[in-house]
Amino acid sequence: NNRIQKFTSTGTYISQFGSYGSGNGQFSTPSSIAIDASGNLYVSDPGNNRIQKFTSTGVYQSQFGSTGTGNGQFNLPMAIAINTLGNIYVSDMGNNRIQAFRPMPSMLYTFGSTGTGNGQLNSPYGIAIDAMNNIYITEIDNSRVSKFNSAGAYMSQIGSRGSGNGQFINPSGIAIDASGNIYIADTGNNRIQKFTSNGTYMSQFGSNGHGYGKFSNPFGIAIDTDGNIYVCDVSNDRIQKFTSTGTYISQFGSTGSGNGQFINPIGIAIDTTGNIYVSDMYNYRIQKFTSTGTYISKFGSNGTGVGQLSSPNGITIDTYGNIYVADLNNNRIQIFTSDGIYMSQFGSYGKGNGQFIAPRFVAFNANGNILVSDTNNNNIQVFGLVPLVNSKLYPFTSHKFTNAGAIGANGPTLAQIKNAYSSAEWTQYSDFLNMTKQGIQEWTVPFTGNYTILAAGAMGKSTSDIGSKAAILQVTTFLTLGEKIKILVGQAGEFNGYGGGGGGGTFVVRGSQTPIIVAGGSGGCDYNDSGSQNATLSASINTSGQNGGPGSSANPGQGGKDGNGGKLGNGDGAGGGLLTDGQSRTYAGVSLKNGGSSFVNGGTGGAGSIDNGFG
């Protein structure tokens with residue numbers, strides 16, 4: 001019947017909600033329900049490949065998911081459960097996986113009402129939060145900026161209607177720099193005005209026109225880490241960049257629908273790496289640029305479906321790099337990854353809590369709460385997000401480290417790494433994997449939390465089937481979103497007809513060379529000799545790699561230990577370590593077999609010499 005029915009504990013009917021369809025609050029074969037600690041209902045809607053959230057009385061609140069195989073997408077989400085932290089687990093049956101998500105935004109409170117009095121609002125637009133968590137709201141139709149405390153209580157206002165210093169005509173965008181100075185887009189006067197943190201007028205720049213430094217309806221404002229000001233020059237279809245004192249620097253964009261072109265760019269946000277996101281309102285899309293204005297990518301199209309946009313306005317970025325877009329005519333906030341993959345949405349048309357009429361701006365306060373300027377309802381709505389470890393809107397996954405032992409002068413090639421993954425795994429993980437050089441992988445941590453890392457050093461070799469073994473280590477460690485983790489997979493030793501080379505160590509390193517785990521490579525071994533694998537599944541986070549297995553019993557080689565290179569046995573050159581090179585075999589002062597280089601010195605295995613031995 002495509003509905004949810006509610007009964008008393010004794011089975012007496014109370015109420016119902018839902019009907020067949022794909023709209024908000026409609027279902028196509030709902031299959032599972034979970035209830036959070038606040039009594040909100042999450043319903044798996046497999047026919048629509050989404051999860052919908054409702055109040056305890058059945059009022060639609062939000063949804064997440066779309067059809068596909070990517071992260072956050074579903075193919076028949078059949079079951080749903082919520083743990084004590086509020087994390088949401090979804091059985092994605094058609095994709096044969098479980099996906100986990102943080103809680104959806106929950107309505108906390110609203111402030112503001114229609115009017116011209118203190119604390120009342122008339123077409124609220126821009127939102128900015130200062131270091132004290134105070135809230136500044138630009139009011140288009142009251143031509144002023146109202147200031148509220150973090151709880152929404154009125155404090156003061158800046159400006160009045162007019163064209164004098166400190167006056168406004170339809171102010172829109174607003175931003176606050178690191179010093180607390182306030183920049184306001186005075187749209188009707190075609191200028192940007194600058195104020196102190198207490199609202200005292202300081203300066204202004206811009207005038208009506210089309211030349212450099214002039215504006216035609218400036219709206220969105222963003223400030224980069226250097227204090228430079230970016231302004232959406234809406235009717236000139238461009239973004240202009242200025243110094244903090246208003247000196248023109250550069251611009252990008254022109255009129256059109258091509259990549260890097262705009263039709264009324266109205267909202268702007270800058271991420272922690274300097275990338276710029278622009279709401280291209282009448283191209284119904286978000287465009288992404290480098291810090292110098294070079295086009296990178298785009299997402300969105302005209303429509304009402306998930307991931308589609310109808311006159312996107314304000315845009316902001318959370319601490320995890322996710323993009324929040326005020327989808328004006330669809331009366332909702334949509335959430336995307338930094339690459340533009342749809343994740344979720346909340347809001348619908350109406351006057352109730354969690355409903356919007358023409359939301360124009362979205363921002364975050366210091367507590368991580370989401371503030372939405374509900375322009376035609378003349379209020380600000382505040383939504384809560386529970387700050388959790390592992391709270392990025394991203395499925396819990398693990399990175400599969402490449403198997404050690406690939407043969408190659410510089411460790412495994414990209415093709416060899418790819419072969420260690422299934423096709424589905426490679427699709428999922430390759431976004432995070434960057435080969436900075438052959439043999440060294442770099443992984444960007446996708447969400448904050450605890451990770452279990454298993455690493456194996458490379459084995460040595462004597463004959464084609466027998467070789468000395470290396471260490472296997474496992475640790476659990478806390479990693480944070482965006483950290484760059486380097487992984488060096490040791491090169492296997494090779495057999496030269498009599499002696500076998502020692503294997504390289506495997507190192508997982510954060511930053512430049514701070515080790516998380518060090519798995520020693522094998523020692524060199526003599527003909528037909530092999531060692532035993534040294535497995536330690538509860539290693540400490542330090543520089544101590546375990547010894548690899550011994551080689552020949554008469555003169556065993558030793559694997560790297562304590563971050564150092566391996567030592568020679570009867571085999572050839574030893575594997576390199578984290579801190580020092582492996583040993584080389586010499587005869588009469590001449591190096592016959594080169595040991596491997598250390599990780600710090602480049603991480604490559606040393607090639608054999610004279611009679612074709614290998615490090």
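The structure reproduced in this document is the subject of the present report. All values reported here derive from a predicted model rather than from experimental measurement. (Residues numbered from 1 in each chain as written. Predicted model: local features only at pLDDT ≥ 70, side-chain atom pairs only at ≥ 80, totals over all residues. Heavy atoms only, no water.)

## So, the overall build of the protein
Here's step 1: Along its length, the protein carries 2 helices and 43 strands.
Here's step 2: Put simply, the protein has 615 residues, and 55% of those count as buried.
Here's step 3: Contacts in the protein between residues far apart in sequence, at least 24 positions, make up 47% of those at least 6 positions apart. (Helix = DSSP H or I, 4+ residues; strand = E, 2+ residues; numbered from the N terminus. Buried < 20%, exposed > 50% of the residue type's maximum accessible area, 1.4 Å probe, protein only. Contact = heavy atoms within 4.5 Å.)

## Topic: the side chain of Arg191
Here's step 1: Examined against the element boundaries, Arg191 turns out to sit in strand S17 (residues 191-195).
Here's step 2: Reaching out from Arg191, the side chain makes a polar contact with the backbone oxygen of Ser163 at a distance of 3.1 Å.
Here's step 3: Within the structure, the side chain of Arg191 is placed 3.0 Å from the backbone oxygen of Gln167, a separation counted as a polar contact. (Polar contact = N/O pair within 3.5 Å; in protein donor to acceptor, adjacent residues only side chain to side chain.)

## A look at the packing of aromatic side chains
Here's step 1: For the coordinates displayed, the defined rule picks out 30 aromatic pairs.
Here's step 2: Their ring planes at 80° and their centres at 6.0 Å tell us that Phe148 and Tyr154 sit as a pair that is edge-to-face.
Here's step 3: Summarising the aromatic geometry, the rings of Phe252 and Phe289 are spaced 4.8 Å apart at their centres and angled 45° between planes, so their arrangement reads as tilted. On the criterion of sequence distance, the pair formed by Phe252 in strand S22 (residues 248-252) and Phe289 in strand S25 (residues 285-289) is long-range, its members being 37 residues apart. (Phe/Tyr/Trp six-rings, centres within 6.5 Å; stacked < 30°, edge-to-face > 60°.)

## Some remarks on the pairing of strand S29 (residues 332-336)
Here's step 1: Of all 5 residues in S29, 5 are buried; the element is thus mostly enclosed.
Here's step 2: Burial along S29 is two-sided: Arg332, Gln334 and Phe336 and Ile333 and Ile335, pointing in opposite directions, are all buried.
Here's step 3: Here 5 bridges tie strand S28 (residues 323-327) to S29, and the two strands are oriented antiparallel to one another. Residue pairing across strands places Ile323 opposite Phe336, the latter belonging to S29.
Here's step 4: Turn length for the S28-S29 hairpin, with the two strands adjacent in sequence and antiparallel, is 4 residues, and the turn residue Asn331 shows positive phi of about 55°.
Here's step 5: In the sheet, S29 pairs with strand S30 (residues 342-346) via 4 bridges, with the strands oriented antiparallel. The partner of Gln334 across the bridge, within S30, is Gln345.
Here's step 6: Two successive antiparallel strands, S29 and S30, enclose a turn made up of 5 residues, where Gly340 displays a positive phi of approximately 90°. (Pairing = 2+ DSSP bridges.)

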